[in-house]
Amino acid sequence: MLRGGAVVSTLGVLMFAGCFQPSTGADEIEAGTEPPGQLFGADAGTNSTCGTANPTPLSKLHVVVLTAPFGGKYKPRNVGAIWVETAAGAFVKTLERWGKTRSRYITRWTAASAGNVVDAVTSATLSSHVTHDRTWDFTDKSTCKVAAGNYKLKIEHTDYNGPGALIEIPFTTTAGTQSSPDTANFKNVVVTIQ
């Protein structure tokens, strides 16, 4: 609804913006069903200001991890995060953050990310420990493809008002699967890169 009570239909807005042109021919209707990359160009959906030198040709990193209690007073309730950093420790992207009100106690993630959850899966504090299953598309917080090289996957969780458990898994942008030995707080960790 616009000022003055005027109502504009979605079709009218699309026509005004030049996004929709009515047609009647069957060929024109079929042409309108092409994938977005063909309708808007090869770069549709990518950030053209990235300029990443030597971007990784890989498509995804898949991580699976089961968290286990740290031993705090709120166990088994817990907050946590999974994120990626460069080998030098620069924040790249958050993959998952669980817990909002108490997320300040995910201290290492908060310090690294400044709370950035762009494109991350977010949820409330978990009432128990679960298996986390996340995928990363090798883009950073600006949706730019990252360069090939060495990175660290970090997973942190806590069940009290302070720093909890942390695991760091170094990896390189090379296809393959690696597992991490179980610890008291992280079990069944498998990282697959494709």
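Just above sits the structure.
Okay, so let's go over this structure. (Residues numbered from 1 in each chain as written. Predicted model: local features only at pLDDT ≥ 70, side-chain atom pairs only at ≥ 80, totals over all residues. Heavy atoms only, no water.)

If you walk through the whole model with that rule in mind, you get 1 disulfide. Disulfide pairing is shown between Cys50 and Cys144; the S-S distance is 2.0 Å. Across the S-S bond linking Cys50 and Cys144, the dihedral sits near -85°, which makes this disulfide left-handed. One end of the pair, Cys50, is in the loop between α3 (36–40) and β1 (61–67); the other, Cys144, is in the loop between β5 (131–136) and β6 (150–158), with 94 residues separating them in the sequence. Residue Cys50 is classed as partly exposed on the basis of its relative accessible area, which comes to 24%. For Cys144, a relative accessible area of 9% puts it in the buried group. (Disulfide = S-S within 2.5 Å. Helix = DSSP H or I, 4+ residues; strand = E, 2+ residues; numbered from the N terminus. Buried < 20%, exposed > 50% of the residue type's maximum accessible area, 1.4 Å probe, protein only.)

This brings us to unusual backbone geometry. Working note: non-glycine residues mostly have negative phi, and peptide bonds are mostly trans. Cis geometry is adopted by the peptide bond preceding Pro76, which originates at Lys75 and carries an omega value of 5°. In this structure, Pro76 sits in the loop between β1 and β2 (79–86). Unlike most non-glycine residues, Thr143 shows phi in positive territory, near 65°. You can see Thr143 is positioned in the loop between β5 and β6.

In this structure, Trp136, Leu153 and Phe171 are the most contacted members of the largest nonpolar core, which totals 24 residues. Those residues in contact with Trp136, other than ones at most four positions away along the chain, are Ser59, Lys60, Leu61, Val84, Val92, Lys93, Leu95, Val146 and Phe171. (Core = buried A, V, L, I, M, F, W, Y, C linked by side-chain atoms within 4.5 Å. Contact = heavy atoms within 4.5 Å.)

A word on the pairing of strand β7 (residues 165–172). Of the two faces of β7, the one holding Ala165, Ile167, Ile169 and Phe171 is buried and the one holding Leu166, Glu168, Pro170 and Thr172 is not buried anywhere. With 8 bridges connecting them, β6 and β7 associate as antiparallel partners. Its bridge partner lying in β7, Glu156 is registered against Leu166. Hairpin geometry of β6 and β7 is characterised by an intervening segment of 6 residues between the two adjacent antiparallel strands. (Pairing = 2+ DSSP bridges.)

In this structure the tally under the stated criterion is 5 aromatic pairs. Judged by centre distance (6.1 Å) and plane angle (10°), the ring pair of Phe70 and Tyr160 falls under stacked. Taken as a pair, Phe70 in the loop between β1 and β2 and Tyr160 in the loop between β6 and β7 lie far apart in primary sequence, 90 residues in all. The class of Tyr160 is partly exposed, set by a relative accessible area of 31%. When the centroid spacing of 4.7 Å and the interplanar angle of 40° are considered together, the rings of Trp136 and Phe138 count as tilted. On the basis of relative accessible area, Trp136 is assigned to the buried category, the value being 1%. The exposure class assigned to Phe138 is buried, which follows from its relative accessible area of 0%. (Phe/Tyr/Trp six-rings, centres within 6.5 Å; stacked < 30°, edge-to-face > 60°.)

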